Amino acid sequence: MVFGIEEIGDEGLCFSLVLKKDQLEIDQAGLSVNVDITVNGSLNRIDDDVYLKGTVRTSVVASCSRCLDTLSYPIDSDFKSHFVPSDDRFTAVRDVELHASDIDAEVYENQQIDLTQSISDSILLAVPVICLCKENCRGICSQCGKNLNQGLCKCEIESFTDPRLERLKIFKDKFIKGG
């Protein structure tokens, strides 16, 4: 996943990679890659700046946000990156002022571009914040923790009332009865 700057000609460089699922570490708890990662893309160079455009395809294992069961989520994502050479602006220990263009740029050193972080970021950004095992997932019981997709539990939903809200329940009952 490392390319030398000299490999990128005037017409650019097209590439296709297949990474083993354990070659890329996803730095997020409860999320892991479960199939090999296919990456296709192109690198284009303008002076010392390198522009990456590509697609990544794989599948990740995540937990359902409602019932906590594991699920497989397919990833098919486009991504772009802009690489700039390292210089004193980025490596100095003193305080520096960042510009909007600096935030979108990734820094490369030793005339080599490493695509690892761009691929990892693309996978993480493609995973939704709320993953569901199915659209109508019922979640888990807040009292006993049973997965409600596997059947109802024996807890009485009405019986659980936060003691701090008991007065509101009395008020609601009176309001419904018209009293």
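Each value, and the rule that gives it
- Residues numbered from 1 in each chain as written.
- Predicted model: local features only at pLDDT ≥ 70, side-chain atom pairs only at ≥ 80, totals over all residues.
- Heavy atoms only, no water.
- Phe/Tyr/Trp six-rings, centres within 6.5 Å; stacked < 30°, edge-to-face > 60°.
- Helix = DSSP H or I, 4+ residues; strand = E, 2+ residues; numbered from the N terminus.
- Buried < 20%, exposed > 50% of the residue type's maximum accessible area, 1.4 Å probe, protein only.
- Core = buried A, V, L, I, M, F, W, Y, C linked by side-chain atoms within 4.5 Å.
- Contact = heavy atoms within 4.5 Å.
- Disulfide = S-S within 2.5 Å.
- Pairing = 2+ DSSP bridges.
- Salt bridge = Lys/Arg side-chain N within 4 Å of Asp/Glu carboxyl O.

S.K.: Before we move on, can you summarise the packing of aromatic side chains with the specific residues and values?
M.R.: Summed over the entire model, instances satisfying the criterion amount to one aromatic pair. Ring geometry for Phe3 against Phe15: centres 5.1 Å apart, planes inclined by 45°, an arrangement best described as tilted. Residue Phe3 is located in strand β1 (residues 2-4), and its partner Phe15 is located in strand β2 (residues 13-19); the two are separated by twelve residues in the primary sequence. Side by side, Phe3 and Phe15 carry an identical accessibility label, which is buried.

S.K.: Residue-level account of the nonpolar core, with values.
M.R.: Ranked by internal contacts, the top residues of the largest apolar core, which has 32 residues, are Ile37, Val39, Leu43, Val56, Leu115, Ile119 and Ile123. For this core, the element with the highest residue contribution is strand β5 (residues 49-63), accounting for five residues. When residues no more than four places from it in sequence are discounted, the contact partners of Val39 are Phe15, Ser16, Leu17, Leu19, Thr55, Val56, Phe79 and Ile119.

S.K.: Would you mind going over the environment of Ile123 in detail, with residue names and values included?
M.R.: The residue Ile123 is located in helix α3 (residues 116-126) in this model. Of the residues examined, Ile123 reaches a relative accessible area of 0% and is grouped as buried. In this structure the C-alpha to C-alpha distance between Ile123 and Val33, which are 90 residues apart in sequence, comes to 9.2 Å. Leave out the neighbours within four places in its chain, and Ile123 touches Leu24, Ile26, Ile37, Val56, Thr58, Val60 and Ile75.

S.K.: Got a sec to walk through the state of the cysteines? Specific residues and values, please.
M.R.: Each disulfide consists of a covalent bond between the sulfur atoms of two cysteine residues. For the structure shown, the criterion picks out zero disulfides. Of all cysteine sulfurs, the one in Cys141 lies closest to Cys153, which takes part in no disulfide; the gap is 3.6 Å.

S.K.: Outline the pairing of β5, supporting the account with residue identities and numerical values.
M.R.: Two elements, strand β3 (residues 32-33) and β5, share two bridges in a ladder whose sense is antiparallel. Within β5, the residue paired with Val33 across the bridge is Val60. Taken together, the nine bridges between strand β4 (residues 37-46) and β5 define a ladder with antiparallel strand orientation. Looking at β5, one finds that Ile46 is bridged to Asp49. Counted along the chain from β4 to the antiparallel partner β5, the turn is two residues long, and its residue Asp47 has a positive phi close to 55°. Hairpin connection, β5 to strand β6 (residues 70-85): the antiparallel pair is bridged by six residues, and Leu68 has positive phi, about 70°.

S.K.: Break down the pattern of salt bridges for me, citing the residues and quoting the values.
M.R.: Oppositely charged side chains may form a pair once their charged atoms are brought near each other. Tallied over the full model, the rule gives three salt bridges. Between Lys20 and Asp36 there is a salt bridge; the shortest N-O distance is 3.8 Å. One end of the pair, Lys20, is in the loop between β2 and β3; the other, Asp36, is in the loop between β3 and β4, with 16 residues separating them in the sequence. The partner of Asp173 in a salt bridge is Lys169, and the shortest N-O contact between them spans 3.4 Å. With Asp173 and Lys169 both in helix α4 (residues 166-177), this residue pair falls four residues apart, about one helical turn. Overall, the relative accessible area of 31% leaves Asp173 in the partly exposed class. Assessed through its relative accessible area of 30%, Lys169 is described here as partly exposed.

S.K.: Outline α3, supporting the account with residue identities and numerical values.
M.R.: Restricting attention to buried positions, one finds in α3 the residues Ser118, Ile119, Ser120, Ser122 and Ile123. For α3, the secondary structure elements touched by its buried residues are β2, β4, β5, β6 and β7 (105-108).

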